[in-house]
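# Notes for the structure review
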Amino acid sequence: MNTEAPLRLLQILPRLDADGASRNAIDMARTVIGQGGAVIAAARTGALVGEFRQAGGVHLDLPFESLSPLARWRIARQIRNTLGKHRIDVIHAYGRRGARVARRAARTMGIPFVVSPIGNDDRPPEQWISPDMGMADAIVAASPFVASLVPQTMLANGARVEVIPRGVDLPRFSPAMVRAEKLIRQAQEWRADDLPAVILMTGRLSPGKGHDVLLHAMARMKTRHATCLILSREDENQRYRETLLRLIASLQLEGRVRFVSHAPDMPVAYMIADAVVVPSRVPEAFNSVCAEALAMGRPVVASCVGDTPGMIVPGKTGWLVPPGDAEALAASLDEALTLGIPARAALAAEARAAIERAYSLADAQKHMLALYRDLTRPRRR
């Protein structure tokens, strides 16, 4: 029987939005709260604030993007007040700014903290890890790729690095759990119920995600009957969306490429796809889309960047292509769409098994909780 007191966790992250770091934070919040603990998230308001509060978390809206000295002072004061008021046991910071705030607060209050580097389209990977992170009690890397970015100087100074993938909720992302009526309803909403073949791309609208590479690949594909559905919120990055719409028109892809609204149930969305494409130009700390699609047994074609090469075994669980190479992307999508039924079944089984072995959310949460517990136990002298 576990006799340890429930944890009280403070999470510091840029924004509670539809991104991998926020999803990871909410998943951990559910676990800690489910064990009787408490979680406070200091972050800008975003799309996932409601979900975080429904999980039982307390949201503290802080303007981390502000660089003024007065704003920094106010943020530091609010963080210190939160640590004392809620009797926080451990701090988990995400990203460079979160690490800076957490380091100062932890040093002042004597509270252990861990930090998770997060990907940033505006920074090359070697800049994802800041000097402040070297002061953390542990650096939590979402993949071996992120762990490889930790500078040797930090390691020489005793930095502790724990590789804990963000993981996939395997009971939820399971083909067996998708109900037929939900599948039919979502396909009808997207007007995809009578499409011969569907290529699905999901993720935020950002140049780093490689939407333009996908469009050029669509223009080169031999499989002309395939339709590409790009998931995005209607209010997301309107300027970039307009750029993509102009490119669709110039490549004469009207009718073959469509923007569709985000699905409330992503396992259902993946099941509609005959292939899932991840044409990222820039690395990611953890490729959640790739991992989830593989767990659903979908053929995945992805750029060979970041942690993705560690997820896909070419020819067995998917295809890897050079980033920005529309020709290679088109050829791999053609191959994925021409798989026969036995080959698709074999790929699906292999892909699911690979995710179960290495990317279980339950296993990742156990590892993270063990780390929190280890850092909060009194040290013997």
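## Comments concerning the overall build of the protein
Across its full length, the protein carries 14 helices and 13 strands. Against the 2.2 N^0.38 benchmark of 21 Å for 381 residues, the protein shows a C-alpha radius of gyration of 22 Å, consistent with a compact globule. On the principal axes, the C-alpha backbone points of the protein span a range of 65 × 50 × 40 Å. Burial status across the protein gives 53% buried among its 381 residues.

## Let's talk about the sheet that holds strand β4 (residues 90–94)
Here we have seven strands laid out as an open sheet, ordered β3-β2-β1-β4-β5-β6-β7, and parallel in their pairing. The two strands at the open ends of the sheet, each matched to only one other strand, are β3 (58–60) and β7 (161–163). Neighbour to neighbour, the strand axes of the sheet diverge by 20° on average, direction disregarded. Here four bridges tie strand β1 (residues 8–15) to β4, and the two strands are oriented parallel to one another. Among the inter-strand pairings, L10 is bridged to a residue of β4, identified as I91. Here helix α3 (residues 69–85) sits on the sheet and contacts β1, β2 (38–44), β3 and β4; the angle it forms with β1, its principal contact strand, is near 155°. Most of the contacts of helix α4 (residues 95–109) go to β4, to which it runs at about 155°, and overall it touches β1, β4 and β5 (113–116).

## Some remarks on the side chain of S206
Examined against the element boundaries, S206 turns out to sit in the loop between β8 (197–201) and α8 (211–220). Every residue in contact with S206, bar those within four places of it in the chain, is listed here: D121, H211, N237 and Y240.

## Overview of the environment of L13
Its place among the elements puts L13 in strand β1. By relative accessible area, which is 2% here, L13 ends up buried. Leave out the neighbours within four places in its chain, and L13 touches A21, S22, A25, A41, A42, A43, R44, F64 and Y94.

## A look at the sheet that holds strand β9 (residues 226–231)
The sheet built from six strands is open, its strands ordered β10-β9-β8-β11-β12-β13 with parallel pairing. What marks the edges here is a single partner per strand, and that holds for β10 (257–260) and β13 (318–321). Along the sheet, successive strands turn relative to each other by an average axial angle of 25°, direction set aside. Pairing of β9 with β10 involves four bridges; the strand directions are parallel. What sits directly across from C228, in β10, is V257.

Reading guide: rules and limits
Residues numbered from 1 in each chain as written. Predicted model: local features only at pLDDT ≥ 70, side-chain atom pairs only at ≥ 80, totals over all residues. Heavy atoms only, no water. Helix = DSSP H or I, 4+ residues; strand = E, 2+ residues; numbered from the N terminus. Rg over C-alpha atoms; globule rule 2.2 N^0.38 Å. Buried < 20%, exposed > 50% of the residue type's maximum accessible area, 1.4 Å probe, protein only. Pairing = 2+ DSSP bridges. Axes fitted to C-alpha atoms, helices over the stretch in contact; angles between N-to-C directions. Contact = heavy atoms within 4.5 Å.

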